[in-house]
Amino acid sequence: MAAVRARLKAEFVSNLSSPGTALEDIPLSSTDRCQWRCSAEGCDHEWRTRLQFRTRTVNPSGCPECAKRRNRAPGPGEALADLNPALVRQFRRNLSRPDRGPDTLRPQSHDLCEWECAQGHIWPATLANRTNGRGCPDCIGHGRSPFECNVAMLVEAASGFSVELDHRLRLPGRSQDRFDLYLPKPAPGLLIDLDPEWTHSRPGSLERDTAKTKAAFAAGLDMERIRSCGLPPVLVPGLIHHKAGPGVDPEDWAEAVGVVLRHRGLPWRQLTPAEVTAALTKGVQLWERVVAGPEVSAADVAPHLEAEFVANLTNPGRGPDRMPPGCNDVCVWRCGQPGCGYEWQAALHSRALGGRGCSRCASARVGVANSRPGAGESLAEVNPAMAAELIEVVDHIGWTAFDLLPGSNKTCRWRCSDCRFEYPAPPNRRTGQSSGCPRCARQRTSAGRVRPKPGKSLQDVHPVLAGELVEVIDEPNLTAKELRPSSAKLCRWACSKPGCPGRWEATPDQRSRRGGTGKRCPICHPPRKSRTQQ
């Protein structure tokens, strides 16, 4: 909550619904409309929206002008062609909007484009995924690509040494590092990293390669790097720079490894064309084994996925036990939570590495989290008078006023503090519409209908009659100032004529007829006899 308030405080201008109210005094779930000013550099756009839209957990709203700017064509220096030339070289065409190319697309665009890697593989992917580091699905495996497999088999054939792929070590002060090639003999062993441009030209790659090399040297390991032509060198004292490429021709890179071994006095021979073909065939077979069953599968990383797996849409027949955790295959999943059973489609890596789960269960959890108040935001703390009338929260046994937001839509039962009448209503109806006990409301409405308007009471219209009023029989507390001339309430009257003992009962309506000469004192004005009585 503190982080949310800090973010909003920089953009809050004023409360339009309750002028003068500071942001600190408004609950985060409030529906008050507020004025905001964007804090992004160079924007300062002002807009109006409700506070609850800016504080919700899922998709909180922000500056609309900044959102438009992110979606429109890039400005000078903002296009993909300006920021990532290496990625542009793999761009073929835009499938979503054919008229937009690298010079008119932002790096985080969600347009679906077609790409071609250095090995000639063609595949579709969104530009945002490529910018975020997603590579060719045919070249990237579980730490072993076809390129690395082919280079390893050529090195084995030319040197006679065994080569281990994807060698892993935990160096001091670091998480587990991976080395592309490892030659255990001659002792103590040689580590070789292959740095092709298509995987080592991304932002931050040089810093990661430098840190990894320094850690290996500090641990006393024997390590060499072979980098693609065009990549900047890794500036680490004692590291000899070897280059290969451009491109990812396995024979070219194997020859660069041969230069490293010959420089160390180790055996190396030129392979015949038949031996090269045999080594490359062995590399392909090794890659196929890696694809068919990785050493560490998605089922090993996230065992719960096997129970929720339904089908693989990209490569039918392959399950989580035969796919690496970072696989891009789109699969069908069925939620295993009791009472759910929801089915949806998602890429394997989003579940094994990203931790994504059932969206329906997540929505339910978010709804429960949003319905619970934070410190100082509960109904008991914001409106203790209303909280004192709460009896129970229907369908939520055990909940109290401390578990409810003032704007909650959960049905509750209330007991009026005045008439003790019990009635159901959600808190948001009581706080947002200022509604309360319906019985008291009806009584107030009924009383409002019988009360006279200013200047229209019996006292104002017929002051002589008001002087003869003794009492309202059913409501003795009412006076002539609170009665309408047309009221049907039965009253007791006393004649105002000196010495007359007249007492009678009549309604104000009966007395105010014919200009105030209606039912008068029966002694001073006896009823006339009818002709039949004469």
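Our subject is the structure that appears above.
Residues numbered from 1 in each chain as written. Predicted model: local features only at pLDDT ≥ 70, side-chain atom pairs only at ≥ 80, totals over all residues. Heavy atoms only, no water.

Caption draft 1: Molecular detail of the side chain of E308. Relative to the elements of secondary structure, E308 occurs in helix α13 (residues 305–308). At 2.7 Å, the side chain of E308 and the side chain of R351 are in polar contact. (Helix = DSSP H or I, 4+ residues; strand = E, 2+ residues; numbered from the N terminus. Polar contact = N/O pair within 3.5 Å; in protein donor to acceptor, adjacent residues only side chain to side chain.)

Caption draft 2: Region of interest: the packing of aromatic side chains. On inspection of all chains with the given rule, the structure shows six aromatic pairs. Their ring planes at 75° and their centres at 5.7 Å tell us that F12 and W36 sit as a pair that is edge-to-face. Here F12 is found in strand β1 (residues 12–15), whereas its partner W36 is found in strand β2 (residues 33–37), with 24 residues between them in sequence. Under the relative-accessibility criterion, F12 is labelled buried at 19%. For the ring pair F421 and Y423, a centre distance of 6.3 Å and an interplane angle of 10° mean the geometry is stacked. In this structure F421 comes out as partly exposed when scored by relative accessible area, which is 22%. The side chain of R54 reaches across the aromatic face of W36, ending 4.8 Å from its centre. Here the guanidinium or amino end of K212 rests over the ring plane of F179, the centre of that ring lying 4.6 Å away. (Phe/Tyr/Trp six-rings, centres within 6.5 Å; stacked < 30°, edge-to-face > 60°. Buried < 20%, exposed > 50% of the residue type's maximum accessible area, 1.4 Å probe, protein only. Lys NZ or Arg CZ within 6 Å of the ring centre and 35° of its normal.)

Caption draft 3: Highlighting the sheet that holds strand β18 (residues 469–472). Taken together, three strands build an open sheet; the order of strands is β18-β19-β20 and the sheet is antiparallel. Because the sheet does not close on itself, it has two edges, and the strands there are β18 and β20 (503–506). The mean angle between the axes of side-by-side strands here comes to 25°, regardless of whether they run parallel or antiparallel. Where strand β19 (residues 491–494) and β20 come together, four bridges link them in antiparallel fashion. In the sheet register, W493 faces β20, and the bridge partner there is W504. (Pairing = 2+ DSSP bridges. Axes fitted to C-alpha atoms, helices over the stretch in contact; angles between N-to-C directions.)

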